[in-house]
Amino acid sequence: MCGRYASSRRPADLIEEFEVVVDRTPAPLEPDYNVAPTKEVYAVVERPPRPADGSEGHEPPERQLRVLRWGLVPSWAKDPAIGNRMINARMETVATKPAYRRAFASRRCLLPADGYFEWYPTEEKTKAGKPRKQPFFIRPRDGGILAMAGLYEIWKDPTRDEDDPERFRWSCTVLTTEAEDTLGRIHDRMPLMVEPDRWSSWLDPGVSGKDDLLSLLVPAAPGRLEAFPVSRAVGNVKNNGPELVEPIPLEDAVGTA
């Protein structure tokens, strides 16, 4: 799964990297080295531009950088709290599972990340007798941006007035797949990455064929990502800062003593 990641790039960097339409730039988020479910995150989407009068436009979709909340709330949900547990969508079932299939067909996004965290269960035991876990940070070996495949939804809050700017909640989820061999030893699942030459097809709401979409998604090539142990401080969502993604000496990692 993907339950934590880091996102420290500035909007200007993401606009350049993903060739975003600049006039849709959202208010900047603070660099976040411990992104957890329900937090606000950057997402790259393609949406038709909305005319100044607020009516529905008929222009072709434009690439936008938006701020979404991590934890997808389906449009049919009665309670937005459902999003708290819908942070990941499995590639194997995303095209058929009711919570995700409509978004998979037409509301896909890219979630930029520096890298993501996974916890490896060691042979060392806690006082409760459970395996003590060591966090690892997994990132592109070349230091580039990780473009995670995602889906987004727009949920309308029936308790709010029509003119309430908070009436529509934009939310997202990360697609996951089986981890490639070198990372599978840490965790058996990993987020799906979208290669740059496939970004346009993945984001295009006009592409809806299940087989066409699934063919765009492939696990990261072996060796493209690197993983290293990091401080257990990342386990507390209150902790934040670049030190959370810094490697720690192997001898300081849990289970290596």
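Residues numbered from 1 in each chain as written. Predicted model: local features only at pLDDT ≥ 70, side-chain atom pairs only at ≥ 80, totals over all residues. Heavy atoms only, no water.

Asker: If you had to explain the pattern of salt bridges to someone new, which residues and values would you point to?
Answerer: Following the criterion strictly, the structure yields 14 salt bridges and no others. Between Glu-92 and Arg-189 there is a salt bridge; the shortest N-O distance is 2.9 Å. Of this pair, Glu-92 sits in the loop between β5 (88–90) and α2 (101–106) while Arg-189 sits in strand β11 (residues 189–191); the two residues are 97 residues apart in sequence, bridging distant segments of the chain. A single network of salt bridges, built from pairs that share partners, joins Arg-139, Arg-141 and Glu-226. (Salt bridge = Lys/Arg side-chain N within 4 Å of Asp/Glu carboxyl O. Helix = DSSP H or I, 4+ residues; strand = E, 2+ residues; numbered from the N terminus.)

Asker: Talk me through the environment of Glu-46; I want residue IDs and the actual numbers.
Answerer: Mapped onto the secondary structure, Glu-46 falls in strand β3 (residues 40–47). Here Glu-46 falls in the buried class, since its relative accessible area comes to 13%. With 18 residues separating them along the chain, Glu-46 and Gln-64 place their C-alpha atoms 5.9 Å apart. Setting aside residues up to four positions removed in sequence, Glu-46 forms contacts with Pro-61, Glu-62, Arg-63, Tyr-152, Leu-203, Asp-204 and Pro-205. There is a polar contact of 3.1 Å between the side chain of Glu-46 and the side chain of Arg-63. (Buried < 20%, exposed > 50% of the residue type's maximum accessible area, 1.4 Å probe, protein only. Contact = heavy atoms within 4.5 Å. Polar contact = N/O pair within 3.5 Å; in protein donor to acceptor, adjacent residues only side chain to side chain.)

Asker: Pulling in residues and values, what's your account of unusual backbone geometry?
Answerer: A positive phi is found at Glu-19, a non-glycine position, where the angle reads about 55°. With respect to the helices, strands and loops of the structure, Glu-19 is situated in the loop between α1 (11–18) and β2 (32–35). You can call Glu-19 exposed: its relative accessible area is 63%. Positive phi is not limited to glycine here, since Thr-38 has a value of about 80°. By the element assignment, Thr-38 lies in the loop between β2 and β3. Using a relative accessible area of 35% as the deciding quantity, one classes Thr-38 as partly exposed.

Asker: Would you mind going over the nonpolar core in detail, with residue names and values included?
Answerer: With 34 residues, the main nonpolar core has Phe-18, Tyr-100, Leu-110, Leu-151, Leu-175, Trp-202 and Leu-217 as its most contacted residues. Of all the secondary structure elements, the ones that give two or more residues to this core are α1, β3, α2, β9 (146–156) and α4 (199–203). Here the element with the most residues in this core is β9; it accounts for four residues. Within the second largest apolar cluster, 27 residues are counted, among which are Trp-70, Tyr-116, Cys-172 and Val-174. (Core = buried A, V, L, I, M, F, W, Y, C linked by side-chain atoms within 4.5 Å.)

Asker: So what's going on with the environment of Trp-70? Residues and values would help.
Answerer: Structurally, Trp-70 is set in strand β4 (residues 62–70). Since its relative accessible area comes to 1%, Trp-70 is described here as buried. As for Trp-70 and Ser-171, which are separated by 101 residues in sequence, their C-alpha atoms are 5.7 Å apart.

Asker: Would you mind going over the pairing of strand β7 (residues 115–125) in detail, with residue names and values included?
Answerer: Here strand β1 (residues 5–7) runs beside β7; their pairing, made up of two bridges, is antiparallel. If you follow Ala-6 over to β7, its bridge partner there is Gly-115. Strand direction decides the pairing type here: β7 and strand β8 (residues 131–140), joined by seven bridges, are antiparallel. Looking across to β8, one finds that Lys-125 is bridged to Pro-131. Where β7 hands over to β8, the hairpin turn is made up of five residues, of which Gly-129 adopts a positive phi near 85°. (Pairing = 2+ DSSP bridges.)

Asker: Help me get a handle on the pairing of β4, residues and values and all.
Answerer: Walk down a regular strand and you will see the side chains alternate between the two sheet faces. Among the nine residues that make up β4, seven are buried, leaving the element largely enclosed by the rest of the structure. Here β4 pairs with strand β10 (residues 168–178) via two bridges, running parallel. Across the sheet, Arg-69 pairs through a bridge with Ser-171, a residue of β10.

Asker: I'd like to hear about the packing of aromatic side chains, residue by residue, with values.
Answerer: Throughout the structure, instances matching the rule amount to eight aromatic pairs. Judged by centre distance (4.9 Å) and plane angle (45°), the ring pair of Phe-117 and Phe-137 falls under tilted. With Phe-117 in strand β7 and Phe-137 in strand β8, this pair connects stretches of sequence that are 20 residues apart. For Phe-137, a relative accessible area of 2% translates into the label buried. On the numbers, 6.4 Å between centres and 85° between planes, the contact of Tyr-120 with Phe-136 is edge-to-face. Taken together, the positions of Tyr-120 in strand β7 and Phe-136 in strand β8 put the pair 16 residues apart, joining distant regions of the chain. Judged by its relative accessible area of 11%, Phe-136 falls in the buried class. One aromatic cluster is present, formed by Phe-117, Trp-119, Phe-137 and Phe-228 through successive ring pairs. Over the ring of Trp-202 we find Arg-108, and its NZ or CZ is 5.5 Å from the ring centre. (Phe/Tyr/Trp six-rings, centres within 6.5 Å; stacked < 30°, edge-to-face > 60°. Lys NZ or Arg CZ within 6 Å of the ring centre and 35° of its normal.)

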